[in-house]
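Structural characterization, general
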Amino acid sequence: MVPSRLEILGCPLDRVTMAQTLDILRGYLKTDKFHLVVTIGSEMIVRAQTDHEFREAVRGAALVVPDSIGAVLAARYGGYPLRERVTGVELTQKLAQQLGPSLRIFLLGGAPGVAETAAHKLLNLGPGVHIAGTHDGYFKDDAEMVARVKASGANVLLTALGFPRQELWLTRYGAACGVQVGIGVGGTFDVLAGRVQRAPQIFQNLGLEWFYRLALQPSRWRRMMALPKFALRVLVGGKRAVRPMANP
Ligand code: UDP
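Residues numbered from 1 in each chain as written. Predicted model: local features only at pLDDT ≥ 70, side-chain atom pairs only at ≥ 80, totals over all residues. Heavy atoms only, no water.

**Describing the overall build of the protein**
Selection rule: Only DSSP runs of H or I covering at least 4 residues are called helices, and only runs of E covering at least 2 are called strands; the numbering of each starts at the N terminus. Radius of gyration: C-alpha atoms only; globule rule: 2.2 Å multiplied by the number of residues to the exponent 0.38. Burial classes follow relative accessibility: with a 1.4 Å probe on protein chains only, a residue under 20% of its type's maximum area counts as buried, one over 50% as exposed, and anything between as partly exposed. Throughout, a residue-residue contact means that at least one pair of heavy atoms, one from each residue, lies within 4.5 Å. Methods summary: accessible areas were calculated by the Shrake-Rupley approach with a probe of 1.4 Å, and residue burial reflects only the protein chains presented.
Secondary structure summary: the protein contains 13 helices and nine strands in total. In terms of C-alpha radius of gyration, the protein reaches 17 Å, essentially the compact-globule figure of 18 Å for 248 residues. Projected onto its principal axes, the C-alpha coordinates of the protein cover approximately 50 × 40 × 35 Å. A burial count over the protein gives 52% of its 248 residues as buried. When contacts within the protein are restricted to residue pairs at least 6 apart in sequence, those whose partners lie at least 24 apart make up 75%. When the accessible surface of the protein is summed, it comes to about 11500 Å², and 55% of that surface belongs to carbon and sulfur atoms.

As structure tokens, then:
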């Protein structure tokens, strides 16, 4: 049972901590249904405002966790503070550490070789983790990939295909893949594989992780334009922009 769900600019956001998220995932793994988990950030919320298909995918998710500082600040501004961020990187690591033996993970995404390296890192993190399979994110044939994931016997599918593709792919094919949990994890494999540095803790604590990433990868500036847009829309929207939402 999800504690309580907010709506930020039309996108759901569940007010969960990392510990609650792991408990919820434990529950999902005991079912025979597919559950989409979205790790949401400000850029995704801005995208969802104009991308109907993406918005419906996020609204249809079983769980939407607060990945970015923007989501945390918006919730606080609306009067519904969150206890912490639940980022894709940390969720993936904690999954391996705490749910190890009940996992058969398929890692789908990243440049060739990245998912394999990330998988090795996960094996070292969590005793008993089973890697069902890996594949890069530059495949063409969706049906073939679905068959591959299904044949692997995975129960958790991590997609690192960038948004909105990773969430849309899970929405379309997650159930057919036979997994109980599908999580869109963005650049997580790159971080696990050591290809991209996460911001030092001090930047994370100050809510400036976005700034650090921009400094390292200036080519992201166009994407970053979503951040002031997000802030402005939340500020202008006030109580209508951030409000409680009925649980699905
Ligand atoms: N990616 C992929 N297939 C694609 C496009 C992107 O596998 O068609 C991967 C890309 O290699 C990267 C990840 O998706 O590993 C997206 O990373 P990004 O830093 O954009 O994610 P963020 O965490 O910022 O959403």
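Okay, back to it.
**Notes on the site of the ligand**
The line we're drawing: Nearness is defined per residue: one heavy atom within 4 Å of the molecule or strand is enough. By the criterion applied in these results, polar contacts are pairs of N or O atoms within 3.5 Å in which, for protein atoms, one can donate a hydrogen and the other can accept it, and in which residues neighboring in sequence qualify only through two side-chain atoms.
The full set close to the ligand counts 15 residues, and Gly110, Arg165, Asp190, Arg220 and Arg223 are the nearest of them. At 2.6 Å from an oxygen atom of the ligand is found a side-chain nitrogen or oxygen belonging to Asp190. A total of 550 Å² of accessible area belongs to the ligand in isolation, and the protein chains cover 76% of it.

**Notes on the packing of aromatic side chains**
Heads up, the condition is: Here is the rule: rings of Phe, Tyr and Trp (six-membered ring for Trp) pair when centre to centre is within 6.5 Å. Planes less than 30 degrees apart are stacked, more than 60 are edge-to-face, and the remainder are tilted. Note on criteria: charge over ring means Lys NZ or Arg CZ within 6 Å of the ring centre, with the direction from the centre no more than 35 degrees off the ring normal.
Per the stated rule, a full pass over the model turns up five aromatic pairs. Where Trp169 meets Tyr173, the ring centres are 4.9 Å apart and the plane angle is 55°; that geometry is what we call tilted. Here Trp169 and its partner Tyr173 are both found in helix H8 (residues 165–173), four residues apart, which amounts to about one turn of the helix. Members of the aromatic cluster, connected to one another through ring pairs, are Phe139, Trp169 and Tyr173. For Arg165, the ring lying beneath its charged end belongs to Phe139, and the centroid distance is 4.9 Å.

**So, the pattern of salt bridges**
Note the cut-off: One speaks of a salt bridge when a side-chain nitrogen belonging to Lys or Arg is within 4 Å of a carboxyl oxygen belonging to Asp or Glu.
Applying the stated criterion across every chain, the model contains eleven salt bridges. Residues Arg223 and Glu43 are paired through a salt bridge, measuring 2.8 Å at the closest nitrogen-oxygen approach. Taken together, the residues span a long stretch of sequence, with Arg223 in helix H12 (residues 221–224) and Glu43 in helix H2 (residues 42–50) at a distance of 180 residues. In this structure, the salt-bridge partner of Arg195 is Asp190, at a minimum N-O distance of 3.6 Å. Linked through salt bridges whose partners overlap, the residues forming this network are Arg85, Glu90, Arg198 and Glu209.

**Observations regarding a nonpolar patch on the surface**
The line we're drawing: In this analysis, a patch consists of residues with relative accessible area above 30% that form no salt bridge, clustered at 9 Å for like charges and at 5 Å for the nonpolar side chains Val, Leu, Ile, Met, Phe, Trp and Tyr.
Residues Tyr77, Leu232, Leu235 and Val236 make up a contiguous nonpolar surface patch of about 430 Å² in total accessible area. The element that contributes the greatest number of residues to the nonpolar patch is helix H13 (residues 226–237), accounting for three residues. In this structure, Leu232 sits in helix H13.

**Points about the pairing of strand E1 (residues 5–8)**
We apply this condition: In this analysis, strands are considered paired if DSSP registers two or more bridges between them.
On E1, burial covers both faces: Arg5 and Glu7 on one face and Leu6 and Ile8 on the other are all buried. Both E1 and strand E2 (residues 11–14) contribute to a ladder of four bridges, which runs antiparallel. Opposite Ile8, over in E2, you have Cys11 as the bridge partner. Taken together, E1 and the strand that follows it, E2, pair antiparallel across an intervening segment of two residues, in which Leu9 is found at a positive phi of about 50°. Judged from the four bridges that link them, E1 and strand E9 (residues 242–245) form a sheet pairing that is antiparallel. Each residue of the ladder has a partner; that of Leu6, found in E9, is Pro244.

**Describing the side chain of Arg5**
Considering the arrangement of structural elements, one finds Arg5 in strand E1. Here Asp14 takes part through its side chain, which lies 2.7 Å from a polar atom of the side chain of Arg5. A polar contact is formed between the side chain of Arg5 and the backbone oxygen of Ala61, at a distance of 3.4 Å.

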